[in-house]
Structure formats: C-alpha cells, structure tokens
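Report on the structure
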Amino acid sequence: MNYQVIIPAAGQGKRMNAGKNKQFIQLEQIPIIIHTLKVFEEHSHCKGIILVINDAEKADFQQLIKKYRISKIKHLVSGGQERQYSVYNGLKAVEEGDLVLVHDGARPFLTHDIIEALLSKTIITGAATLAVPVKDTIKRAKDGVVVETVERSSLWSIQTPQAFHLSIILEAHEKAVRENFLGTDDASLLERVDQAVSIVAGEYTNIKITTPEDLYIAEAILSKRKM
Ligand SMILES: Nc1ccn([C@@H]2O[C@H](COP(=O)(O)OP(=O)(O)OP(=O)(O)O)[C@@H](O)[C@H]2O)c(=O)n1
Ligand SMILES: C[C@](O)(CO)[C@H](O)COP(=O)(O)O
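Keep in mind that what you see is a predicted model, and the values were worked out from it rather than measured.

Conventions and cut-offs
- Per chain, residue numbering runs from 1 following the sequence as it is written.
- For naming, the first written chain is A and the first written ligand is 1, with later ones following in the order written.
- Confidence filtering applies because this is a predicted model: local features only for residues at pLDDT of at least 70, side-chain atom pairs given and counted only at 80 or more, and all residues used for totals across whole chains, interfaces and linings.
- Processing note: side-chain calculations cover all non-hydrogen atoms of the structure and skip hydrogens and water entirely.
- If even one non-hydrogen atom of a residue comes within 4 Å of a molecule or strand, that residue is called near it.
- We call two N or O atoms a polar contact when they sit within 3.5 Å, provided that within protein one can donate a hydrogen and the other can accept it, with sequence-adjacent residues counted only if both atoms are side-chain atoms.
- Note that accessible areas follow from Shrake-Rupley with a 1.4 Å probe, and for residues the cover is restricted to the protein chains shown.
- Both site types are read off a 1 Å grid over the protein atoms alone. A 1.4 Å probe that fits but cannot get out defines a cavity, while an open set with protein on both sides within 12 Å along at least five of seven lines defines a pocket; lining residues have an atom within 4 Å of a point.
- For a cavity or pocket, the test is whether more than half of a molecule's atoms lie within 2 Å of its grid points; if they do, the molecule sits there.
- In the scheme used here, Gly and all other residues not listed as nonpolar or charged are polar, with Ala, Val, Leu, Ile, Met, Phe, Trp, Tyr, Cys and Pro taken as nonpolar and Asp, Glu, Lys and Arg as charged.
- Within this document, salt bridges are pairs made up of a side-chain nitrogen of Lys or Arg and a carboxyl oxygen of Asp or Glu, the two lying within 4 Å of each other.
- The rule is simple: take the accessible area with a 1.4 Å probe, protein chains only, and divide by the maximum for that residue type; under 20% is buried, over 50% is exposed, in between is partly exposed.
- Helix numbering and strand numbering both begin at the N terminus, where a helix is a DSSP run of H or I of at least 4 residues and a strand a DSSP run of E of at least 2.

Structural notes on the site of ligand 2
Around ligand 2 lies a shell formed by R15, R83, D104, R107, I158, T160, T184, D185 and K208. Between R15 and ligand 2, the recorded distance is 3.0 Å, taken from a side-chain N or O atom to an oxygen atom. At 2.9 Å, a backbone N or O of T184 approaches an oxygen atom of ligand 2. When ligand 2 sits alone it has 360 Å² of accessible area, and the protein chains cover 74% of it. When atom positions are compared with the pocket grids, ligand 2 is found to occupy the largest pocket. For the shell around ligand 2, the residue count by class is one nonpolar, two polar and six charged.

Okay, here's the thing in structure tokens:
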C-alpha cells in the first residue's frame with residue numbers, strides 16, 4: 001500500500017486573482033501548499049513527494065519546505081504550461097515503486113481515511129479517482145439559452161487524488177502528448193484509451209481552492225475541524 005505522490009503546484013492562480021500563485025495564500029497563518037504537503041508528510045504509506053513548481057518560485061518553495069520541516073520531498077520538478085504537462089514532468093521523475101497518486105497542491109483538506117479507501121480500490125482495479133455526487137441540477141446551454149437538463153444520477157464531481165499504477169498512467173500521458181490531447185485531469189487520459197477508472201467516494205470538504213469565495217469555505221472547514 002506504499003505510494004509516491006505527485007503534487008502539481010505550478011499554476012498561476014488566475015481565477016483566484018490574488019496577484020500571486022494561490023499556493024502561497026495563508027489559511028490560519030499556514031500557506032495552502034503546506035496544508036497539502038502535511039497530509040502526505042503525516043501519512044505513513046507515503047514514501048515520497050514529487051512537488052511540481054514554477055522555476056521562478058523555487059526559492060520560495062524551498063524556504064517553506066525548510067521552515068515547516070517537510071522531509072518526504074524527493075524532487076522539485078519544473079512545471080509546464082498546463083496542469084497535464086506539470087503532472088507529466090512529475091511522473092518522469094518517479095524513480096521507484098508502483099502506485100502513484102496525483103493530488104492538486106490547491107486541495108488542502110484531504111484526509112487519511114480517504115487516501116486509504118482510494119489505495120484499496122486502486123490495488124484491485126489499477127486506476128481510481130475520488131469523486132462526489134453532483135448536487136446541483138445541471139443544464140447544457142447555448143448562446144445563453146438552455147438546451148437540455150442533463151440526467152444527474154450518473155454525474156460526479158471529480159476530485160484528487162487520483163491513483164494509478166505507474167506504468168499505466170505514464171503510458172497514457174505519453175500517448176496524450178504524442179496525440180496532442182489535453183485533459184483537465186489525469187483520469188481522462190485513461191478514459192480516452194478505454195482503460196477503466198474506478199470511482200471512490202470522496203468528501204465534499206475536499207475542495208480545490210479556485211476562486212476567492214473558496215477561501216471563506218476553507219476557513220469554515222478549518223474552524224469546524226478544531227471543534
Ligand atoms: N500549469 C499548471 C497549472 C496548474 N497546476 C496545478 O494544478 C492544480 C489545479 O489547478 P488549478 O486549480 O487550475 O490552479 P491554477 O492553474 O493555479 O488556477 P487558474 O486555472 O485559476 O490559473 C493546482 O495545484 C495548480 O498549481 C500546475 O501544476 N501547473
Ligand atoms: C484535477 C481536478 O482538480 C479535478 O477536479 C480538476 O480537473 C482541475 O481542473 P482545473 O481546470 O485546473 O481547475
């Protein structure tokens with residue numbers, strides 16, 4: 001059940017509009033990326049972290065890693081133009097082991113129980129993603145007018161981590177690069193070659209910090225955890 005994790009943190013945070021990479025925004029005085037890294041630092045089955053960063057922010061990340069005593073980082077890898085390319089760079093740096101997780105640096109509220117559930121499923125099926133059922137009614141629209149209401153019972157909101165056998169996900173990334181395919185998550189690279197990806201129930205609190213209002217939700221999650 002041991003694994004390594006790739007953490008892409010090389011985005012720009014454009015939708016957050018904070019004037020800096022959102023990884024450095026503080027939640028209860030601790031940067032988002034440190035909240036995320038601590039989840040894996042404190043999980044005994046995690047044998048190594050590959051952190052993908054922007055080259056220009058390398059010194060800032062190194063300073064934080066030292067300050068917060070994150071000891072499991074094996075490599076600091078340069079990010080790419082898109083999340084998919086950042087993950088691919090991370091995958092190429094994995095040296096050993098079979099199971100690999102990919103987890104957004106911007107998802108700081110992952111729990112160990114959920115990682116365990118994901119690992120158990122991946123050992124059996126080869127690939128799995130966390131997800132929660134969609135709660136809203138979803139409609140497709142064109143030019144500002146509703147075209148249809150999409151049947152909700154089969155819709156899932158996809159989270160990370162996503163877990164894979166290393167050879168399977170590496171091959172899928174290589175094929176995507178060759179064929180110029182760009183997906184918004186790693187599981188989609190398997191789906192396009194008809195490889196099954198299992199769904200494991202995540203938690204609604206495992207949010208990705210994406211837009212400014214997510215910071216209010218994040219503060220609420222943290223204060224609830226302290227109760
Ligand atoms: N070229 C990129 C783009 C994204 N990411 C990382 O992928 C995760 C999920 O991406 P997202 O939430 O979209 O982050 P940003 O790309 O920073 O946000 P935005 O799209 O608003 O600019 C984040 O941890 C982000 O740092 C990355 O490593 N490399
Ligand atoms: C991988 C992901 O977090 C799953 O929800 C998501 O697809 C990332 O997409 P984004 O466009 O970078 O927000």
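Moving on, there is more to tell.
Some words on the pattern of salt bridges
Across all of its chains, the model carries seven salt bridges by this definition. Put simply, R107 and D104 hold a salt bridge, and the shortest N to O gap is 3.1 Å. Side by side, R107 and D104 carry an identical accessibility label, which is buried. What you see here is one network of salt bridges that share partners, running through R83, D104, R107 and D186.

Topic: the pairing of strand β1 (residues 3–8)
Within β1, six of the six residues are buried, which leaves it mostly tucked inside the rest of the structure. Side chains Y3, V5 and I7 project from β1 onto one buried face, and the interleaved Q4, I6 and P8 project onto a second face that is buried too.

Functional significance is not addressed by these values, which are geometric in nature.
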